[in-house]
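# An overview of the molecular structure
Here is what each chain is made of, one letter per residue.
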2 protein chains.
Amino acid sequence: MVQIPKTPASAPPAPTRSVPTSADVARLAGVSRATVSYVLNNAGAVRISEPTRRRVRDAARELGYVPHAAARSLRAGHSRTVLMPAPAFPVGPLYSQFINELQAALARLDYTVVQYGTSGVHDDEAARAWAELRPVAVLVPGSGLGPRGVDVLKRAGARAVVTLGPEAVEGAHALLMDHDVVGHSAGAHLFDRGRRRIGVIVPREPGLEAFSAPRLAGVRAALRGTDATVTELPLAADEGAAARLAARWRDLGLDAVFTYNDEYAMLLMRALQDEGVRIPEEAAVVGADNLMLGRLLRPRLSTVHLDLPCGRELAGLVDRAVRDPAAAPEAHKALGASVVRRESS
Amino acid sequence: MVQIPKTPASAPPAPTRSVPTSADVARLAGVSRATVSYVLNNAGAVRISEPTRRRVRDAARELGYVPHAAARSLRAGHSRTVLMPAPAFPVGPLYSQFINELQAALARLDYTVVQYGTSGVHDDEAARAWAELRPVAVLVPGSGLGPRGVDVLKRAGARAVVTLGPEAVEGAHALLMDHDVVGHSAGAHLFDRGRRRIGVIVPREPGLEAFSAPRLAGVRAALRGTDATVTELPLAADEGAAARLAARWRDLGLDAVFTYNDEYAMLLMRALQDEGVRIPEEAAVVGADNLMLGRLLRPRLSTVHLDLPCGRELAGLVDRAVRDPAAAPEAHKALGASVVRRESS
DNA sequence: TTGAAAGCGCTACCAG
DNA sequence: CTGGTAGCGCTTTCAA
């Protein structure tokens, strides 16, 4: 229950209401700032009488007092902020869910997750911007952070830097998520199904190279030393481009295609079908991500299912690293891939 | 926790892992902290000799000095942080793009956008958590913020609070995005196409009520006073549920369905087609969001295209509000909807 | 042109 | 049990 006296609209007492501080609370409650701090932080070491506690609490509520995080962490010398760069491109449901799990798990460990919008800033510059916030840990998806960036962050007091990407970075913990395995699974699967002339869709959209390049490389790796060939097929995410590719299909002489993900699979399948190309007879199609839409296509889409690390796991890693920053950086292989065969391959 | 004593200035470049401050830079450069601040902030008011500037810059680089954002904003009395809660559910490409545009636009205006992970915390509690960061502005999608929350934020110094949701909140600016219009467009369209017994899919997934309820209400509103009926059809996002609904379709006696969005449309269309229900003859289908997948379905999916406000626009609103916090909160109607008719209706 | 010092809001010692 | 107070890192007067 709030008991704020309504200020008459005719004469507001202060045009610029200043933000209440703990000193204001102390004054109103008739105690010292120290006492306010003790009460509001439930300090166990000191015992404050119940009437005093009430007075402080009431005063805080009445003023709408909210502690100043910057002042607090300045004083404390550290924060419990875990910083992640906000993804710069539309991100699928898998990754969203991963982030949410992670946030929830870290919140349970009493960390505060903050996604920092770093649009377009590059590497060291970004690292410096992040370092200004003095986060206790930094999680960086992708491969935008180099050893220098890691160093900047650690010198700024980050007790853990974790990269989520294809390769480990000097000085940082790593959750190795090399999408190589995705392409590898797809390639091996298509080979097993007797396909030998395999196309690989590479999205033209910027920002996706970080995933598409390793996926392509994985297909290549899976087929190295066999008689199969791999053909790179750049494709923009629009119908016209897909139709043009489909029109060329028979000339390309391919018998299978790994489409980068399920959405591109849908795009290409539709174009191929409109062109009269039979799936899987003339073109085996394999997507990735195991989205629901794959099950809704006809023929049903074969796909590569990704096993992402669960958020709790990563949260645990972060917490351990924060508690023992001296420990050698761990590198976990954290991306599994398995083919879900349906009707398109 | 181990406290490492400060190494005396006389000691050689010690292995102290403590974070360098501007005082360290000053010491190394042989100047005062004031000079360091002037140099590193390119203060125009004072003129520092070029040799001094060099010394300061070199010292800063050598130490890997990064200013402490908390200390700076504490001193300054304000920050340029714009805070948004991180969305708690998988978010489509439309919204992602909107966020990215917004971040870029605000970055150009020299604001720092931060998405704060508030998983599960409710209303006032969330507002208080945000207020601790003393953001200069807060953008809140959805309808999770009440007048009390707005008040908390403003008392904590937020110069602008903007809600992006169905209705304006007392004291806050509003970008009115009432999804009502989406349902309204769909309903009116189906009525125009001669449909009279109209089903509306309502996703069972939690977190989507904020959108699904207004969309349903919009259909109802569009058909009020006509001889058409509206039937609510709860549906979970899985094939089994869709199949069960499709099996009941003919018993339901409906002739059209608005599916909440394109993804549910795809799910339902597939189930209806598997059941032998002809589209659009026996069931006209209209989705929403105008995703590419709609064009890939057969029959091609009619959909409601959403006109979201562009990020630049919102960034401008935020900036104006920050510069003139006294101005009366504006409320912009910011969601347009138009039907894209294809083959399914 | 540079330096000394105050103080932003907060917490944690140490006295009383 | 409660109050005084130092000081976290930074910017910004005011003096020299």
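For clarity, every value in this text was computed on a predicted model and none was experimentally measured.

Definitions and cut-offs
By convention here, each chain's residues receive numbers from 1 onward along its written sequence. The naming scheme follows written order: chains are lettered A onward, ligands numbered 1 onward. The predicted nature of this model means local features are confined to residues of pLDDT at least 70 and side-chain atom pairs, given and counted, to a pLDDT of 80 or more, with totals for whole chains, interfaces and linings taken over all residues. With hydrogens and water stripped out, all remaining heavy atoms of the structure feed into the side-chain values. A domain assignment, automatic or from a database, supplies the domain bounds used here. By the criteria applied, helices consist of DSSP H or I runs no shorter than four residues and strands consist of E runs no shorter than two, each listed in order from the N terminus. Classification of residues uses two cut-offs on accessible area relative to the type maximum, computed with a 1.4 Å probe and protein chains only: under 20% is buried, over 50% is exposed, and between them is partly exposed. A residue counts toward the fit only if its pLDDT is at least 70 in both copies, and the copies are then superposed by least squares on the C-alpha atoms of those residues. Residue contacts follow a heavy-atom distance rule, with two residues in contact if any of their heavy atoms lie within 4.5 Å.

### What to know about the domain arrangement of chain A
- The domain boundaries assigned to chain A delineate domain 1 (22-67), domain 2 (81-176 + 310-333) and domain 3 (180-307).
- Just the C-alpha atoms count here: the centres of domain 1 of chain A and domain 3 of chain A sit 64 Å apart.

### Focus on unusual backbone geometry
Residues and elements named next belong to chain B.
- Residue Ile-279 is joined to Pro-280 through a cis peptide bond whose omega torsion reads 5°.
- Within the element layout of this structure, Pro-280 appears in the loop between helix 11 (262-274) and strand 9 (284-288).
- In this structure, Tyr-260 is a non-glycine residue whose phi angle is positive, near 75°.
- Structurally, Tyr-260 can be placed in the loop between strand 8 (256-258) and helix 11.
- Residue Tyr-260 is classed as buried on the basis of its relative accessible area, which comes to 6%.
- The backbone phi angle of Asp-289 is positive, close to 105°, even though this residue is not glycine.
- Mapped onto the elements, Asp-289 comes out in the loop between strand 9 and helix 12 (292-296).
- In this structure Asp-289 comes out as buried when scored by relative accessible area, which is 17%.

### Some details on the relation of the copies chain A and chain B
- When chain A is fitted onto chain B, the two copies agree to an RMSD of 0.1 Å after a turn of 180° and an axial shift of 0.0 Å. Put plainly, the chains are arranged around a two-fold axis.
- A high fraction, 95%, of the interface residues of chain A reappear at the interface in chain B, so the copies pair face to face through one surface.

### Some points on the side chain of Gln115(A)
- Turning to its location among the elements, Gln115(A) is positioned in strand 2 (residues 112-116).
- In this structure Gln115(A) touches Met84(A), Pro85(A), Ala86(A), Pro87(A), Ile99(A), Gln103(A), Ala86(B), Val113(B), Val114(B) and Gln115(B), once residues within four positions along its chain are discounted.

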